[in-house]
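Report on the structure
In case you want the letters, here they are:
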Amino acid sequence: MKKPLLAAALLIGMGASLGALAQATGVTDGMNMNAIAMFLAFVMVSLWITYWAAGRVKSTSDFYTAGGQISGFQNGLAITGDWCSSAALMGIAGLIYTTGFDGLIYSVIPFGAWPLMMFLLADRLRNLGKFTIADIVSVRMARVPIRSLIASAGLAFVVGYLIVQMVGAGTLISSLFGLKYEYAQVIIGFLIIVYVAFGGMVATTYVQLIKAVLLLSGASFITFAVLAKFGFSPEGLYEAAVTNHPTAEKVMQPGGLLSDPINAISCGVMLLFGGAAMPHVLMRFFTVPDAKEARRSVAWAATFIGYFYLLTFVIGYGAVVFVMKDPQFLDAAGVIKGGANMAAIHLAEAMGGDLLLGFISAVAFATIVAVVAGLTIAGASAISHDLYANILRHGRASDAEVMKVSRFASIGLGILGIILGIAFKEENIAYLIVLPFTISSTVFFPVLFLAMYWRRLTTTGIVVGGWLGLASAVVMLVVGPTIWKDILGHAAPIFPYKYPALFSMAISSVTMIVVSLLDNSARARAEVAAFDDQFVRSQTGLGAEGAARH
């Protein structure tokens, strides 16, 4: 029954996409036919993958983790697809275009998360986990309070990240493909629902694989084209950037983005520890057969992502040279069309004309779809596995029941993404990217690290510290400079720093430690005693969730 239903959904989706694209010619101007052709090619390939994957999704293990049958190399590419969002593709280049050298803070520091993953988390995650982060902590902690905290924080993370991606997708696709913003939102939301609800992690993984290859190929071509203009001399590129940028030499110096040292440190804490514990990335470690493949996937991901971040540096300065003073990319006021985030897209046109512009536009679409698919499956797993199966049903839900809830959750999150994307269309949503990374650094990293490495951690310590840290992070974001002053219009912020992670992470970590040390309950003593069994399993994999065999 599932295959015919999926086939009907695919036909409806293709018809809706084609209809909206055709109608766009009468709604807006400036359609990029190369971009549309490549967009449709990606959609058709990814929908075929979903149709193929639907026949392989027969259990919750298949849906959440692709049956644990993804190789380390494949998973490394898929993690690259999950990690490198539209913010990485266009945002870093846009920051370098405007602020210069300081744009590297958004690439170099998050890259530092990968050694943390490789040496501290990867093998233990695979040996201790099953489907979600909460599975790892619940090995020796109380199930209900732990899953309530982590699932709630996970959904807040997913929704915050989802808004950023959906609004970015709508803006990009509507401007480049000549579509109405609302049409773009509906098409993207529908595709995400089909990928996740029918194909689960299998389809999501292969969509991310394709996206990673396209992204690395497109960024490489732009980079080589830019360097070729200077005889492959980076020094020539940087000299031209200094000549072209209004700040001259300062474009190559730090301090243009974060001049306040507290903000700079707090931003670094957010990106480093938040990047190391993002739930939609961490759950990918459960898709490989064993801990060895988990470590291998981190190594491959670090290689691909590090290579990509090196390319963004050249792309950013290339945009300064070839876009900043080119009239075809500027409006009447001399400002770059579409804002600084479009710098990489305009550079593609400058380097390869309309054909490369169409390819990079399609890559940008694939980037957003892959990331949102990963977020959706992470949110669906939190709802169906953590909240429904382990809290509402106390671990007694059948596999078929959980699968049904997973699919309904995927549909619900897809619809929510469309609604939020349309609702936040006119809002300044740049600050929202801070929310998911702050939640990740404040809640997920301290919980995982302490649970795996510190014997004295208790459920009470996690719950009190986690909820207090989460609440403090949200409050500090609301009363900070971005929301309280810039958005709500107050004269001065109550909390002076734009990035609260340094403070909220300290609050959550210290509270977890202090409360755990003060907890002398019978449950706490049992949890401390259970650490030895957990340690053996984390090191050897004895009792670990095995890969599903088909």
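Just so you know, these numbers come straight off a predicted model, no measurement behind them.

About the thresholds
- Residues numbered from 1 in each chain as written.
- Predicted model: local features only at pLDDT ≥ 70, side-chain atom pairs only at ≥ 80, totals over all residues.
- Heavy atoms only, no water.
- Helix = DSSP H or I, 4+ residues; strand = E, 2+ residues; numbered from the N terminus.
- Buried < 20%, exposed > 50% of the residue type's maximum accessible area, 1.4 Å probe, protein only.
- Contact = heavy atoms within 4.5 Å.
- Areas by Shrake-Rupley, 256 points an atom, 1.4 Å probe, with all protein chains shown as cover.
- Patch = residues over 30% accessible without salt bridge, like charges linked within 9 Å, V, L, I, M, F, W, Y side chains within 5 Å.
- Salt bridge = Lys/Arg side-chain N within 4 Å of Asp/Glu carboxyl O.
- pLDDT = per-residue confidence, 0-100.
- Expected span 1.5 Å × (residues − 1).
- Axes fitted to C-alpha atoms, helices over the stretch in contact; angles between N-to-C directions.
- Parallel < 35°, antiparallel > 145°, perpendicular 65-115°, else oblique.
- Left-handed = near helix turned anticlockwise from the far one by under 90°.
- Nonpolar A, V, L, I, M, F, W, Y, C, P; charged D, E, K, R; others polar.
- Polar contact = N/O pair within 3.5 Å; in protein donor to acceptor, adjacent residues only side chain to side chain.
- Phe/Tyr/Trp six-rings, centres within 6.5 Å; stacked < 30°, edge-to-face > 60°.
- Core = buried A, V, L, I, M, F, W, Y, C linked by side-chain atoms within 4.5 Å.

**Side note on the overall build of the protein chain**
Secondary structure assignment for the protein chain yields 22 helices and zero strands. The proportion of buried residues among the 550 residues of the protein chain is 59%. Considering only intrachain contacts with a sequence separation of at least 6, the fraction spanning at least 24 residues in the protein chain is 84%. Carbon and sulfur atoms make up 68% of the accessible area of the protein chain, which amounts to about 20,200 Å² in all.

**Regarding a nonpolar patch on the surface**
Judged by side-chain polarity, F408, I411, I415 and I419 come together as a nonpolar surface patch covering roughly 380 Å² of accessible area. Relative to the helices and strands, I415 is located in helix 16 (residues 399–423). The exposure class assigned to I415 is partly exposed, which follows from its relative accessible area of 42%.

**Structural notes on the environment of A134**
Its place among the elements puts A134 in helix 8 (residues 133–137). For A134, a relative accessible area of 0% puts it in the buried group. Measuring from C-alpha to C-alpha, the distance between A134 and V144 comes to 10.0 Å, with ten residues separating the pair along the chain.

**So, the side chain of T458**
Note on placement: T458 falls in the loop between helix 17 (434–453) and helix 18 (459–478). Apart from residues lying up to four places away in sequence, T458 is in contact with M141, S516, D519, A524 and E527.

**Some details on the confidence of the model for the protein chain**
Of all residues in the protein chain, 90% attain a pLDDT of 70 or more, and the chain-wide mean is 82. Within the protein chain, helix 20 (residues 501–518) carries the highest mean pLDDT (96), whereas helix 1 (residues 2–24) carries the lowest (48). Contacts of residues 14–29 to residues separated by more than four positions or lying in other chains number 22 contacts, the stretch itself having pLDDT below 50.

**Let's talk about helix 10 (residues 181–228)**
Compared with an ideal rise of 1.5 Å per residue, which puts 48 residues at 70 Å, helix 10 spans 37 Å between its outermost C-alpha atoms and falls more than 12% short. Most of helix 10 sits inside the fold, with 36 of its 48 residues counted as buried.

**A closer look at the packing of helix 17 against helix 20**
At a minimum axis separation of 9 Å, helix 17 and helix 20 run at an interaxial angle of 30°. In terms of their interaxial angle, helix 17 and helix 20 are classed as roughly parallel. For the pair helix 17 and helix 20, the crossing hand works out as right-handed. Taking contact as the criterion, the partners of T438, S441, T442, V443, F445, P446, V447 and L450 in helix 17 are, on helix 20, A501, S504, M505, S508, S509, M512 and I513. The residue inventory of the contact of helix 17 with helix 20, partitioned by class, reads nine nonpolar, six polar and no charged.

**Let's talk about helix 15 (residues 343–392)**
Its 50 residues give helix 15 an end-to-end C-alpha distance of only 48 Å, which falls more than 12% under 74 Å, the value for a rise of 1.5 Å per residue. With respect to burial, helix 15 is a largely interior element, 40 of its 50 residues being buried. Backbone geometry just after helix 15 places H394 at a positive phi near 55°.

**Re the side chain of T60**
Structurally, the position occupied by T60 is in helix 3 (residues 60–65). Note on T60: relative accessible area 9%, which makes it buried. A polar side-chain atom of T60 sits 2.7 Å from a polar atom in the side chain of D399. Setting aside chain neighbours within four positions, we find T60 in contact with T65, F131, D399, V402 and M403.

**Quick word on the pattern of salt bridges**
Summed over the entire model, instances satisfying the criterion amount to seven salt bridges. For R295, the salt bridge identified is with D123, shortest N-O distance 3.6 Å. Taken together, the positions of R295 in helix 14 (residues 291–322) and D123 in helix 7 (residues 113–128) put the pair 172 residues apart, joining distant regions of the chain. Residue D123 is classed as buried on the basis of its relative accessible area of 19%. Here R393 ties to E401 by a salt bridge, and the two come within 3.1 Å at their closest N and O atoms. E401 gets classed as partly exposed once you look at its relative accessible area, which sits at 25%. Salt bridges sharing common partners tie together D135, R147 and D386.

**Side note on the packing of helix 12 (residues 261–275) against helix 20**
When two helices pack together, their arrangement is given by the angle between their axes and by how far apart the axes lie. Running from amino to carboxyl end, helix 12 crosses helix 20 at an angle of 60°, the nearest separation of the two axes being 7 Å. Between helix 12 and helix 20, the crossing angle belongs to the class labelled oblique. Residues I262, I265, S266, V269, M270 and F273 of helix 12 pack against A501, L502, F503 and M505 of helix 20. Of the residues belonging to the contact of helix 12 with helix 20, the class tally is nine nonpolar, one polar and no charged.

**A short note on the packing of aromatic side chains**
All chains considered together, the criterion is met by 21 aromatic pairs. Taking 4.9 Å as the distance between ring centres and 55° as the angle between the ring planes, the aromatic pair formed by F273 and F445 counts as tilted. Remark: F445 occurs in helix 17 and F273 occurs in helix 12; sequence separation between them is 172 residues. What makes F273 partly exposed here is its relative accessible area of 21%. Its relative accessible area of 6% is what places F445 among the buried residues.

**Here's the deal with the nonpolar core**
Formed by 162 residues in total, the largest nonpolar core has its most connected members in W83, W114, V137, F285, F365 and F444. The residues contacting F365, other than those within four sequence positions of it, are F39, F42, V43, I173, I188 and L191. Grouped together as the second largest cluster of nonpolar side chains are six residues, V167, Y181, L420 and L432 included.

**Considerations on the environment of V167**
Mapping V167 onto the fold places it in helix 9 (residues 143–177). The spatial distance from the C-alpha of V167 to the C-alpha of F424 is 6.9 Å, given a sequence separation of 257 residues.

**A short note on unusual backbone geometry**
Non-glycine residue F232 carries a positive phi angle of around 55°. Topologically, F232 is positioned in the loop between helix 10 and helix 11 (234–244). Of note in this structure, A248 is not a glycine but carries a positive phi near 55°. Tracing the sequence through the fold places A248 in the loop between helix 11 and helix 12. Residue classification places A248 among the partly exposed residues on the basis of a relative accessible area of 24%.

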